[in-house]
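Secondary and tertiary structure notes
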Amino acid sequence: MSLILFAFVARVRDGLPFSASTDFLHDKELQERKQQLKVISKSLHILPERGIIKGHELNIYFLLSKGVSYMTVCACGLPAAVAFCFLEDLCWEFTACFDSSAVAMASRPYPFLEFDSTIQKLQHHYNQNKGPSLEVTLVEVQEELNISPPQVLTMEDVMLANGVANGHVDQTTASGQNQRLEPVSAPGILSLVLNIMCAALNLIRGVHLIEYTFQDDYDSLWNVVAFLVAFVCSVCQCHLYLFHTCQKKLKAITLLIINILCNAFLFDVRNIWQLVFHMSVACISTVLTLHRKLLDRNTDCGV
């Protein structure tokens, strides 16, 4: 399997793409990382000279030199020294082909598309030989990284930095309002309807039980509390499914546990089928909430 999967060259000043390697892979994470390169290219002027943006199976490495950025998407198993050695070689090849005036005067996207063949050759060499041809080069890069380690970033760091630089901190950080989720599916609509039904049943039973609790005795007070808490959990589960929020997984699991505990407490006032129904709806809602992903709004920067 190839370890260096994609390379991308852009101008630091404005993120104008100069050239990119052509790939024929349709790996989902690779396509996502390629799309993220466009976001990163808009923030190059505020990023460090060297950096790593880590992913699940693929990392993005970038190197900034003389107003040009060199970025690559590599498998996590590739040593950082090899990745940066590849970028150093890519930088040397690009500088040998295009001078600073050509870089400064470029006005349209991908003006150096012919450089793709050079990228492909260099990429093929690294994937075949698992590194550069000269071992001394790799040692030098490793020593340089030991002295000045590359900064490890996340996409959230890049987007936040880009928002600060452009005066849009509130817009960038307000993740719940500005990030769209995938369209609601048919099972999701059914889950919402059932959750609303459960919430209504819990509220009706809780309010009805309040009348008898205050008229006769207070023995059923905790049952009232359980009904009302279960009602709140069902409403919150609907909100959590419909809108993006931070720490969604933690909140979804917490709501599920509380909902199950409330229904378990109401074992004496509900039959087994009612309990199974309420708990099943809570579980289905949680699963659907955790599987509803954010829409990727970026466009692919591949050529």
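Residues numbered from 1 in each chain as written. Predicted model: local features only at pLDDT ≥ 70, side-chain atom pairs only at ≥ 80, totals over all residues. Heavy atoms only, no water.

1. Notes on the sheet that holds strand β4 (residues 58-65)
Spatial strand order, β2-β1-β5-β4-β3-β6: 6 strands in an open sheet with mixed pairing. Both edges of this open sheet fall to β2 (17-20) and β6 (151-153), since each of them pairs with a single strand only. Neighbour-to-neighbour, the strand axes of the sheet open up by a mean angle of 20°, direction not taken into account. Here strand β3 (residues 50-53) pairs with β6 via 3 bridges, running parallel. When the bridges of β6 are listed, Gly-51 appears paired with Gln-151. The strands touched by helix α1 (residues 28-41) within the sheet are β1 (4-11), β3, β4 and β5 (68-75), with β4 carrying the most contacts at an inclination of about 30°. (Pairing = 2+ DSSP bridges. Helix = DSSP H or I, 4+ residues; strand = E, 2+ residues; numbered from the N terminus. Axes fitted to C-alpha atoms, helices over the stretch in contact; angles between N-to-C directions. Contact = heavy atoms within 4.5 Å.)

2. What about helix α12 (residues 272-291)?
In this model α12 runs 29 Å from its N-terminal to its C-terminal C-alpha over 20 residues, within 8% of the 28 Å that 1.5 Å per residue would give. Here α12 has its buried residues at Leu-275, His-278, Val-281, Ala-282, Ser-285, Thr-286 and Thr-289. Projection of α12 onto a plane perpendicular to its axis shows the buried side chains occupying an angular sector of 135°, all on one side. Of the exposed residues in α12, those oriented more than 90 degrees away from the buried face are Trp-273 and His-291. N-cap assignment for α12: the residue whose side-chain oxygen lies 3.0 Å from the backbone N of Trp-273 is Asn-271. (Expected span 1.5 Å × (residues − 1). Buried < 20%, exposed > 50% of the residue type's maximum accessible area, 1.4 Å probe, protein only. Arc of directions from axis to C-beta. Polar contact = N/O pair within 3.5 Å; in protein donor to acceptor, adjacent residues only side chain to side chain.)

3. Remarks on the pattern of salt bridges
For the coordinates displayed, the defined rule picks out 3 salt bridges. Residue Arg-50 pairs with Glu-88 through a salt bridge whose shortest N-O separation is 2.8 Å. Of this pair, Arg-50 sits in strand β3 while Glu-88 sits in helix α2 (residues 80-97), and the two are 38 residues apart along the sequence. Here Glu-144 makes a salt bridge to Arg-50, at a shortest N to O gap of 2.9 Å. In this pair, Glu-144 sits in helix α5 (residues 135-147) while Arg-50 sits in strand β3, placing the two residues 94 residues apart along the sequence. Put simply, Arg-50, Glu-88 and Glu-144 are held in one network by salt bridges that share partners. (Salt bridge = Lys/Arg side-chain N within 4 Å of Asp/Glu carboxyl O.)

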